[in-house]
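# Coordinate inspection notes
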Amino acid sequence: MSDVEDSSAIPGLGDLRAWRGDIDADAPPKPDTTSTGWGDWDDSEVADRPMGAARLPHDQAQPPPGEPLGEHIRAFFQLKLDGALVLARPEDRRGLMLETVAVLGISLGASAIWAVLSIVNSLTMGPPLNQQETTINQAVAADRPWLDLLYQLANIAIPLVPVLVAFYLLANVRRPDGAPFRIMGIKWANAPRDAALGVALAAVIGIPGLGLYAIARAVGMNLNVVPTNLSAYWWTVPVLILLAAMNGILEETVMVGYLFTRWTQLAWGPWKVIVTSALIRGTYHLYQGFGGFIGNAIMGAVFGWVYMRTKRVLPLVIAHTILDIVSFVGYSLLKDVWPWL
C-alpha cells in the first residue's frame, strides 16, 4: 500500500474522513428511485419524457376504493334515539301514552276513524272506487256566500285547537328542555333554510304523488278526489290558501312535532315512531281510497325521517302547505280550462 492510500501518511486525512461520515449519517435518506409510487415516473414506460414535464392522469396510481354502497345506504337510514328526551324513570312516563291517544282522539285520530268508515261505505256501495267521487273542501251554503264564508273560516280555526292543546301539554307536562318551540326547531333564524328545504320536499313528494294518484285511479284503488267545489267568489282563493296552511300546521305539529317528542320520551325507537305516525297519517286519508293511504303513508315516512335528521318542523309545514295550495288553488283555477281534472 502506497503512502497516498495510507491515511496515516497524510496528516489530518483520517479526521477529514470521520467528519465526512458524520455529515452523511445526519443527512436525510435519499428517495428510492427503483420503484414508482403515486405520481412517480416509470422509466421503463416514459424514459424519453423531458425533465420537469407535467404528470398525466394515467401516470398516477388509482386512489383506494371508498366505502361500499351498502355502508352508505345503512348510514342513510340509520337513526339514533335522542337519549336526552327519554324519560328514564317509568313513573315519569306514566300517563303519556294516554295523553297522546287523547290528543289524537280530538284531532287526526278521530279523522282516521271517520276515514275507515268512509272507505267501508265506498267499498260496499256497489260501483268501483274509480267511479266514485270525494270532495275535500266542500261548500256548505253555496246559495248564501256570506254564510258559506263563515263556515269555511270556522273550518280553518276549529281544527287548530288541538295544536294549541299539544303546545300547552309540551310546555307544562313532562316538559322537554326548551319545549315546545325549541324541541321543534322553530326559530326565525332558520326561516330561509326551512323555506328552501320545504320547497325541495314539496317537489320530491308532489311530483311522484301525482303519478301514484293516476295509477291508483287507473287500477281502481282510488276515488276521484275533487280538491274543492267552492264557487268562485272574491274570498275563494284566500280561503283555500288558509285551508292549506291549516292542514300543514295541524298535521305536522301534531303528527310529527308533538307525537315524535312524546313517543321518544317513552323510549320508542326512531323507526317505530316514524312508521306508527306514517300509518296513522295514511289511515286518515283512506276516504280517498287505497292510493291516498299509500301515498300519504310514504309522505309521512319521508317527513318523519327528515324531522329526525333536522329536528325542525317548519320545513314540513311549508312543504305540506305548498302541496295543498297547488292542489286546492290549482284545481279551482283550472277546472273550467281542463275538464279532465
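Quantities reported herein were computed from a predicted structural model and do not represent experimental measurements.

## A look at the overall build of the chain
- Helix and strand counts for the chain come out as 12 helices and 2 strands.
- Contacts spanning at least 24 positions in sequence make up 75% of the contacts within the chain whose residues lie at least 6 apart.
- Total accessible area on the chain stands at roughly 20,100 Å², and carbon and sulfur atoms take up 65% of it.

## Brief notes about empty space enclosed by the protein
- This model, assessed by the stated rule, comprises 1 cavity of 30 Å³ or more.
- The calculated volume of the largest cavity comes to roughly 90 Å³.
- For the lining of the largest cavity, the elements supplying multiple residues, two or more each, are helix 9 (236-265) and helix 11 (290-310).
- Sort the elements by how many residues they give to the lining of the largest cavity and helix 9 lands first, with 3 residues.
- When grouped by side-chain class, the residues that make up the lining of the largest cavity number 7 nonpolar, 2 polar and 3 charged.

## Thoughts on the pattern of salt bridges
- Inspection of the entire model under this criterion finds 8 salt bridges.
- With its nearest N and O atoms 3.7 Å apart, the salt bridge here joins arginine 89 to glutamate 91.
- Put simply, aspartate 92 and arginine 89 hold a salt bridge, and the shortest N to O gap is 2.9 Å.
- Using a relative accessible area of 46% as the deciding quantity, one classes arginine 89 as partly exposed.
- Linked through salt bridges whose partners overlap, the residues forming this network are Arg89, Glu91 and Asp92.

## Description of the packing of helix 10 (residues 270-283) against helix 11
- Where helix 10 contacts helix 11, the two axes come as close as 7 Å, and the packing angle between them is 145 degrees. Judged by the sense of rotation from one axis to the other, the crossing of helix 10 with helix 11 is right-handed. Packed against helix 10, whose contacting residues are Pro270, Trp271, Val273, Ile274, Ala278, Leu279, Arg281, Gly282 and Thr283, the element helix 11 presents Phe293, Asn296, Ala297, Met299, Gly300, Ala301, Phe303, Gly304, Trp305 and Met308 at the interface.
- Its residues assigned to classes, the contact of helix 10 with helix 11 comprises 13 nonpolar, 5 polar and 1 charged.

## Regarding helix 12 (residues 314-334)
- A rise of 1.5 Å per residue sets the reference length of helix 12, with its 21 residues, at 30 Å; its end C-alpha atoms lie 29 Å apart and thus fit the reference within 8%.
- What helix 12 keeps buried is the set Pro315, Leu316, Val317, Ala319, His320, Thr321, Leu323, Asp324, Phe328, Val329, Tyr331 and Ser332.
- Of the surrounding elements, those touching the buried residues of helix 12 are strand 1 (133-137), helix 8 (191-218), strand 2 (224-228), helix 9, helix 10 and helix 11.

## Focus: the packing of helix 8 against helix 11
- At a minimum axis distance of 9 Å, the contact between helix 8 and helix 11 shows a crossing angle of 160 degrees. Classified by the angle between their axes, helix 8 and helix 11 sit roughly antiparallel to one another. In this structure, the crossing between helix 8 and helix 11 has a hand that is right-handed. Listed contacts from helix 11 to Leu197, Leu201, Ile205, Leu212 and Ala216 of helix 8 are Gly291, Ile294, Gly295, Met299, Val302, Phe303, Val306 and Thr310.
- Considered class by class, the residues forming the contact of helix 8 with helix 11 number 10 nonpolar, 3 polar and no charged.

## Quick word on the side chain of aspartate 92
- Along the chain, aspartate 92 falls in helix 3 (residues 90-93).
- Engagement of the side chain of aspartate 92 in a polar contact is seen with the side chain of arginine 89, the distance being 2.9 Å.
- Sequence-distant contacts of aspartate 92, defined by excluding residues within four places in its chain, comprise Leu87 and Arg174.

## Details of the packing of aromatic side chains
- Scanning the entire structure with this criterion turns up 4 aromatic pairs.
- When the centroid spacing of 5.2 Å and the interplanar angle of 25 degrees are considered together, the rings of tyrosine 233 and tryptophan 235 count as stacked.
- Aromatic pair tryptophan 263 and tryptophan 268: ring centres 4.8 Å apart, planes at 20 degrees, arrangement stacked. No difference in accessibility class separates tryptophan 263 from tryptophan 268, as the two residues are buried.

## Some remarks on the environment of isoleucine 249
- Looking at the element boundaries, isoleucine 249 is found in helix 9.
- Separated by 65 residues in sequence, isoleucine 249 and leucine 314 place their C-alpha atoms 8.7 Å apart.
- What isoleucine 249 contacts, discounting residues up to four positions off in sequence, is Leu160, Val163, Val254 and Val317.

## Some thoughts on the side chain of glutamate 99
- Along the chain, glutamate 99 falls in helix 4 (residues 96-105).
- By relative accessible area, glutamate 99 is classed as buried at 11%.
- Sequence-distant contacts of glutamate 99, defined by excluding residues within four places in its chain, comprise Leu169, Val173, Tyr258 and Arg262.

## Some thoughts on unusual backbone geometry
- Look at the link from alanine 179 to proline 180: it is a cis peptide, with omega at -5 degrees.
- One non-glycine residue, alanine 267, lies in positive phi territory at about 70 degrees.
- Here alanine 267 is to be found in the loop between helix 9 and helix 10.
- Exposure remark for alanine 267: the relative accessible area of 34% places this residue in the partly exposed category.
- Positive phi is not limited to glycine here, since lysine 311 has a value of about 55 degrees.
- Within the secondary structure, lysine 311 is located in the loop between helix 11 and helix 12.

The rules behind the values
Residues numbered from 1 in each chain as written. Predicted model: local features only at pLDDT ≥ 70, side-chain atom pairs only at ≥ 80, totals over all residues. Heavy atoms only, no water. Helix = DSSP H or I, 4+ residues; strand = E, 2+ residues; numbered from the N terminus. Contact = heavy atoms within 4.5 Å. Areas by Shrake-Rupley, 256 points an atom, 1.4 Å probe, with all protein chains shown as cover. 1 Å grid on protein atoms, 1.4 Å probe; cavity = no way out; pocket = protein on both sides within 12 Å on 5 of 7 lines; lining within 4 Å. Points joined across faces, edges and corners; volume = space filled by probe spheres on them. Nonpolar A, V, L, I, M, F, W, Y, C, P; charged D, E, K, R; others polar. Salt bridge = Lys/Arg side-chain N within 4 Å of Asp/Glu carboxyl O. Buried < 20%, exposed > 50% of the residue type's maximum accessible area, 1.4 Å probe, protein only. Axes fitted to C-alpha atoms, helices over the stretch in contact; angles between N-to-C directions. Left-handed = near helix turned anticlockwise from the far one by under 90°. Expected span 1.5 Å × (residues − 1). Parallel < 35°, antiparallel > 145°, perpendicular 65-115°, else oblique. Polar contact = N/O pair within 3.5 Å; in protein donor to acceptor, adjacent residues only side chain to side chain. Phe/Tyr/Trp six-rings, centres within 6.5 Å; stacked < 30°, edge-to-face > 60°.

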